[in-house]
Amino acid sequence: ISPDRVLFDLSPLPSRPSHTDHNESDIFDLQKVIPFAEDVDLSSAASLVRFLLDDRVDVKLVKGQYLVELQRKEKTWLRRQEVPSHGFVTREEVERWTPAHGNCKIISVSHVWETREHPDPLGFQRDQLLEILAEKGFQPDNCWFFIDFMS
């Protein structure tokens, strides 16, 4: 997504020290992982919807309201296999999605994992994300998220 399409950047947030070592080999080329990625234009809503609905793509968007539920229950992010179905955006919801109608914003979250075992073991990143949404005036029930560990 082009920089002018980014809603907000979480990188300046203070974070806890990371125990994860990253190097250049950790960075991958999207086209090597998804060979047809060159056909995807993330600045186009129609292209993004086609990508998310493509049977070759195994991505599930997480509902913002589910993140609020996790926070309320004092639970950390779950692995994708453990997320209940109501935590994910349905295929039908994606098919109906258009940014022009002012419905859900799709937000990709990228952050340093706090431990090797879990990206956010104490819920710090989850809480910061929801706090920033509130500050920016976004309602969690109008946001869908790509979060690597969960999506």
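Overview of the structure. (Residues numbered from 1 in each chain as written. Predicted model: local features only at pLDDT ≥ 70, side-chain atom pairs only at ≥ 80, totals over all residues. Heavy atoms only, no water.)

## Re the overall build of the protein chain
This is how the line gets drawn: Think of it this way: any DSSP run of H or I at least four residues long counts as a helix, any run of E at least two long counts as a strand, and we number them from the N terminus. A 1.4 Å probe rolled over the protein chains alone gives each residue an accessible area, and that area as a share of the maximum for its type sets the label: buried under 20%, exposed over 50%, partly exposed in between. Accessibility throughout is a Shrake-Rupley quantity obtained with a 1.4 Å probe, and a residue counts as covered only by protein chains that appear here.
Within the protein chain one finds 5 helices and 3 strands. Shown N-terminal to C-terminal, the secondary structure of the protein chain runs as helices and strands in the order α-α-β-α-α-β-α-β. Going through the 151 residues of the protein chain one by one, you find that 37% of them count as buried. Carbon together with sulfur atoms contributes 50% to the accessible area of the protein chain, which is approximately 9800 Å² in total.

## Describing the packing of aromatic side chains
Within a pair of aromatic rings, the relevant descriptors are the distance that separates the centres and the angle that separates the planes. This is how it is decided: Pairing of aromatic rings covers Phe, Tyr and Trp, the last through its six-membered ring, and needs centres within 6.5 Å; plane angles under 30 degrees mean stacked, over 60 mean edge-to-face, and all others mean tilted. Placement of a charge over a ring requires the Lys NZ or Arg CZ to be within 6 Å of the ring centre, with the centre-to-atom vector within 35 degrees of the ring normal.
If you walk through the whole model with that rule in mind, you get 1 aromatic pair. Here the guanidinium or amino end of Lys60 rests over the ring plane of Phe88, the centre of that ring lying 5.0 Å away.

## Quick notes on the pattern of salt bridges
The cut-off we apply is this: Each reported salt bridge corresponds to a side-chain nitrogen of Lys or Arg within 4 Å of a carboxyl oxygen of Asp or Glu.
This model, assessed by the stated rule, comprises 7 salt bridges. The shortest N-O distance in the salt bridge between Glu93 and Lys63 comes to 3.4 Å. Placement of Glu93 in helix α4 (residues 91-96) and of Lys63 in strand β1 (residues 62-63) is noted, with a sequence separation of 30 residues between them. Its relative accessible area of 21% is what places Lys63 among the partly exposed residues. Residue Asp127 pairs with Arg126 through a salt bridge whose shortest N-O separation is 2.8 Å. Overall, the relative accessible area of 6% leaves Arg126 in the buried class.

## A word on helix α2 (residues 45-53)
Selection rule: Should any heavy atoms of two residues lie within 4.5 Å, those residues are considered in contact.
Here α2 has its buried residues at Ser47, Leu48, Val49, Phe51, Leu52 and Leu53. Those residues of α2 that are buried lie in contact with α4 and β2 (105-109).

## Re the environment of Pro84
Position of Pro84 relative to the elements: it lies in the loop between α3 (64-72) and α4. Here the alpha-carbon distance between Pro84 and Tyr66, two residues 18 residues apart in the chain, equals 9.4 Å.

## Brief notes about unusual backbone geometry
A positive phi angle, near 55 degrees, is found at Glu74, a position not held by glycine. By the element assignment, Glu74 lies in the loop between α3 and α4. Of the residues examined, Glu74 reaches a relative accessible area of 71% and is grouped as exposed.

## What about the sheet that holds strand β3 (residues 143-147)?
As a reminder of what qualifies: Pairing between two strands requires that DSSP report at least two bridges joining them.
Within the open sheet, the 3 strands sit side by side as β1-β3-β2. Their pairing is mixed. The open sheet is flanked by β1 and β2, the only strands paired with a single partner. Inspection of the sheet shows β1 paired to β3 by 2 bridges, in the antiparallel sense. Among the inter-strand pairings, Lys63 is bridged to a residue of β3, identified as Trp144.

## Topic: the nonpolar core
For soluble globular proteins, nonpolar side chains are generally found buried alongside one another. Under the convention used in this document: Side-chain atoms within 4.5 Å are what join buried Ala, Val, Leu, Ile, Met, Phe, Trp, Tyr and Cys residues into a set we call a nonpolar core.
Counting 18 residues, the largest nonpolar core has Val62, Leu67, Trp77, Leu133, Phe145, Ile147 and Met150 as its most contacted members. When contributions to this core are tallied by element, the ones reaching two or more residues are α3, β2, α5 (124-135) and β3. Ignoring anything within four residues of it in the chain, the contact list for Leu67 reads Val62, Trp77, Arg126, Leu129, Leu130, Phe145, Ile147 and Met150. Judged by nonpolar contacts, the second largest core, of 12 residues, contains Val49, Val57, Val89 and Trp144.

## A few points about α3
Where α3 is concerned, the buried positions are Gly64, Tyr66, Leu67, Glu69 and Leu70. Residues of α3 that are buried make contact with β1, α5 and β3. Downstream of α3 by a residue or two, Glu74 has a phi angle that is positive, lying close to 55 degrees.

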